[in-house]
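Remarks on the overall topology
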Amino acid sequence: MEKCRFVLKNRFQKKIFEKLLEKYESSFLEKELAISIQEIYAYKNLKVKSISQVLLEKINLLLKLNSGEVKKNIDGCFGNIYWYSKRFEEVKRNKIREVLLNQKV
């Protein structure tokens, strides 16, 4: 699978980073996640809006998250050449409908 970044629901993102900080020491998290403690707090405080697939997998290993819960809390993802979100599909359908209605044949 292509490496991408995920946009998580705010409440879920905040919750998983709070759990990490409660369960593990900051030095351990810095080493295991390969990011600084400042970055961890930036994720927790929702200053960073997307999370890499690699980082999400590492968090999943540490917290043993339910894969169904993770999938349910993903709002969208993007890689080098694409963006996908549930909202995008709705907007695309509405735009196509609007164009078809306004066409003069």
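Numbers given to residues run from 1 along each chain, matching the order in which its sequence is written. Residues qualify for local features only when their pLDDT is at least 70, as the model is predicted, and side-chain atom pairs are given and counted only at 80 or more; totals for whole chains, interfaces and linings, by contrast, use all residues. Hydrogens and waters are ignored; side-chain quantities use all the structure's heavy atoms.

1. A closer look at the pattern of salt bridges
By salt bridge we mean one thing: a side-chain nitrogen of Lys or Arg within 4 Å of a carboxyl oxygen of Asp or Glu. Applying the stated criterion to the full structure yields 1 salt bridge. For Lys 15, the salt bridge is made with Glu 69, and the minimal N-O distance between the two is 2.8 Å. Of this pair, Lys 15 sits in helix α1 (residues 10-23) while Glu 69 sits in helix α5 (residues 67-72), placing them 54 residues apart in sequence. Residue burial is assigned from relative accessible area. The probe radius is 1.4 Å, only protein chains are included, and a residue is buried under 20% of its type maximum, exposed over 50%, and partly exposed in between. Relative accessible area serves as the criterion here: at 24%, Glu 69 is assigned to the partly exposed category. Helix numbering and strand numbering both begin at the N terminus, where a helix is a DSSP run of H or I of at least 4 residues and a strand a DSSP run of E of at least 2.

2. Looking at the nonpolar core
What makes a nonpolar core is a set of buried Ala, Val, Leu, Ile, Met, Phe, Trp, Tyr and Cys residues whose side-chain atoms join them at distances within 4.5 Å. Membership of the largest hydrophobic core comes to 24 residues, with the highest contact counts inside it found for Leu 33, Ile 51 and Ile 59. Should any heavy atoms of two residues lie within 4.5 Å, those residues are considered in contact. Excluding residues that lie within four positions of it along the chain, Leu 33 makes contacts with Leu 20, Ile 40, Leu 55, Lys 58, Ile 59 and Leu 62.

3. A closer look at the environment of Glu 32
Turning to its location among the elements, Glu 32 is positioned in helix α2 (residues 26-33). Separated by 27 residues in sequence, Glu 32 and Ile 59 place their C-alpha atoms 9.1 Å apart. Ignoring sequence-local partners within four residues, the contact set of Glu 32 consists of Lys 58 and Leu 62.

4. A look at the packing of α2 against helix α4 (residues 53-63)
Contact pair α2 / α4: the axes reach a minimum separation of 10 Å and the direction vectors enclose 130°. By the criterion of interaxial angle, the relationship of α2 to α4 is oblique. For α2 against α4, the interelement crossing comes out right-handed. Each of Phe 28, Leu 29, Glu 32 and Leu 33 in α2 lies in contact with α4, whose residues at this interface are Leu 55, Lys 58, Ile 59 and Leu 62. Residues are grouped as follows: Ala, Val, Leu, Ile, Met, Phe, Trp, Tyr, Cys and Pro are nonpolar; Asp, Glu, Lys and Arg are charged; all remaining types, including Gly, are polar. Tallied by class, residues from the contact of α2 with α4 come to 6 nonpolar, no polar and 2 charged. To obtain each axis, a line is fitted to C-alpha atoms, and for helices this fit is confined to the stretch in contact; angles are then taken between N-to-C directions over 0 to 180 degrees. Angle categories: roughly parallel below 35 degrees, roughly antiparallel above 145, roughly perpendicular from 65 to 115, and oblique for all the rest. For any pair of crossing helices, the crossing counts as left-handed if the nearer helix is rotated counterclockwise from the farther one by less than a right angle, and right-handed if it is rotated clockwise.

5. Some details on the pairing of strand β1 (residues 5-8)
Sheet analysis places β1 next to strand β2 (residues 51-52), joined by 2 bridges and oriented antiparallel. Along β2, the bridge assignment pairs Phe 6 with Ile 51. Any two strands between which DSSP finds at least two bridges are classified as paired. In the sheet, β1 pairs with strand β3 (residues 74-78) via 4 bridges, with the strands oriented antiparallel. From the neighbouring strand, Val 7 faces β3, where its bridge partner is Gly 76.

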